[in-house]
Every structure is written in structure tokens, then in C-alpha cells.
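Reading the structure
Residue strings, one per chain:
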Amino acid sequence: TYSCGQQDNKTRQQTKNSITNNQLPADGLAIYNFNSPDATWEMPRELVEISGISFYAKNNLACINDEEGIIYIYDLNEKKVSTEFKFGKHGDYEDVAVDGNIVYVLRSDGTIFKVTDIENNPSTEKFTTPLSTSNTTEGLYLDKPSNQLLIACKGKAGNELPKHTKAVYSFSLTTNKLVELPFLSIAEKDIHAYLGEKNEFAPSAISFNPSDSNFYILSSVGKILVVYNNHTGLQHVYKLDEKLFKQPEGLAITDSGNIYISNEGKWSKGNILLFKKIKTN
């Protein structure tokens, strides 16, 4: 297992007992207790199948469901959908990313929809990529410093990668083209070795955590949250409680490191769960 470093901090010791697999991330990484949400929002009927979330404005999340070509703005304070914007036909929409008044939506076949001037005079532009339904594109994240979208594939990776490897590709917003080689890749065997057991890994969402400078990759299949650094590799794996995380599909992280995870409802209501970063000093 991954070394946790010296754990002489009192808060760190207290936290250890409450983490699912009784293992803390290495020193320098943010710490979370995914057994106990700091807040929960039950979704209305139109977001039972909530499949992706992204920050739209303060206390507002842009949400997508995996059937309707509609962007829903959910007000966390008011606990309701405040606005909705139709951008396309019915389809298997998986994730959403926001850049000011521009919203990007990812479909499972690798198609990206760019919705501009969303509040005033919305118009939609569509970009196709070499990715397809065999890749099952489910995660989308806007990496503003590099002006690109990151696309996490639940399905197979490209031919350039070994079998049983999952890939994240980048889509340049300068050229509007997919970069051929993966932005990062994760071998399932590395996750198995870390956990000491076989665990399915099929990315459903990706985000970046500014508080520890790592990518967080959510897998609804297998119920895990992977912490990954694209320079130094796998950092930590959180196992998520299946009773709490019915179908985790959406992920958004604040600048301070607080994490929002959305769950599709299946046979009940969908929800959004908040997990605040635990302070250790």
C-alpha cells in the first residue's frame, strides 16, 4: 500500500478511523471523509438522471441529464432549478463544463457541443472527434491554463495503450481538434495493486483539485475516486460506500478543495453530495 507518511497530527489521527478503507492519502494531499456528506441536495424530477455537474456561478451548478439536450442551472441555496437552456435533441449526454457564458456538453459518442451566449442569444456548435461509443466518453473538464477540454473515457482506450488501461484525452480549444496521444492513462492493475484487491475502474467524471494540484477521477462502476498526478502517477484511491453513492456520475471541485459529487437516482431521487476538505492544522 501507499505510504501515508508520519501521522502525528491530531486531526489526521482522528480522521483515520472514519475513512472507508482505513487509509489516509499521502502527506500533501487533501483529506476527505466520504462516509459523511457535509450537505445533501435531492434533485427534482428532471434531474433524476443527473449525469454531470460544473460550477456556473456562485452557489449555482450547471447540470446535465443523460437523456435531454437541456442545461439545467441548479441553485444550491434555493434548492431548485432556477433556469434551463435547451441546446439539442434527445441524446446520451454525460458531462458539462463551463467557461463564463460558454457551456460545453459531452455526448457518449465523443461529440462535443459548444453553447455560446447561453443567457442572451444561445447558439450551439457541434464538434466531432475520433472518439466513439466504443470509448464511451463520460467525463469532461475545462483546463483553462492549457485552453483545452479533458475527456475521460469509460470504455476502451486507443490502440496505442495496453489492454485494461483507461485514458483521458485532450481537446484543444485553439484548434478544435482532439490531441492524438492521451493526456493521461491509468492501468487498472495499478489500482488493484493499490487497493490490494480487484476493483472495476471505468471513469465517469474528472476534475482538478487546486488544493493539492491533482486530478480526481470518479468511477461509478466499482465505486471509487482516484487521485492522480499527471507527472508522478497514482496518488490515492478512495473506496466509496455503495449505499451512499448509488450511481456517482458527476464531479466538481472548488478552489478551496471542497468536492461535489452527483448521483443518478436509479429508482429514487438523484442527489448532489458535498464533502468539505478536512483541515489538518
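So, about the overall build of the chain. Scanning the chain from N- to C-terminus turns up two helices and 21 strands. Taken over C-alpha atoms, the radius of gyration comes to 18 Å for the chain, in line with the 19 Å a tight globule of 281 residues would show. Overall size of the chain, expressed as C-alpha extent along the three principal axes, is 55 × 45 × 35 Å. Here the chain displays about 12900 Å² of accessible surface, and carbon together with sulfur accounts for 44% of that area. Looking at the chain, you have 29 positive and 34 negative side-chain charges, and the mean spots of the two groups are 3 Å apart.

Turning next to unusual backbone geometry. We note that aspartate 117 has phi near 45°; this positive angle belongs to a residue other than glycine. Inspection of the secondary structure assignment puts aspartate 117 in the loop between strand S8 (112–116) and strand S9 (123–127). Looking at aspartate 117, the relative accessible area reads 31%, which means it is partly exposed.

As a further point, take the side chain of aspartate 75. Residue placement: aspartate 75 occurs in strand S4 (residues 70–75). One buried charged residue, aspartate 75, forms no salt bridge at all, with the nearest opposite charge on lysine 80 at 7.6 Å. Here the side chain of aspartate 75 touches asparagine 77 through a polar contact of 2.9 Å, landing on its backbone nitrogen. A polar contact of 2.9 Å, which involves the side chain of aspartate 75, links it to the backbone nitrogen of glutamate 78. Setting aside anything within four residues of it in sequence, one finds aspartate 75 in contact with Asn59, Asn60, Lys80 and Ser82.

What counts, and where the lines are drawn
- Residues numbered from 1 in each chain as written.
- Predicted model: local features only at pLDDT ≥ 70, side-chain atom pairs only at ≥ 80, totals over all residues.
- Heavy atoms only, no water.
- Helix = DSSP H or I, 4+ residues; strand = E, 2+ residues; numbered from the N terminus.
- Rg over C-alpha atoms; globule rule 2.2 N^0.38 Å.
- Areas by Shrake-Rupley, 256 points an atom, 1.4 Å probe, with all protein chains shown as cover.
- Lys, Arg positive; Asp, Glu negative; His and termini not counted.
- Charge placed at Lys NZ, Arg CZ, Asp CG, Glu CD.
- Buried < 20%, exposed > 50% of the residue type's maximum accessible area, 1.4 Å probe, protein only.
- Salt bridge = Lys/Arg side-chain N within 4 Å of Asp/Glu carboxyl O.
- Polar contact = N/O pair within 3.5 Å; in protein donor to acceptor, adjacent residues only side chain to side chain.
- Contact = heavy atoms within 4.5 Å.

Take it as geometry only, folks, not as evidence of what the structure does.
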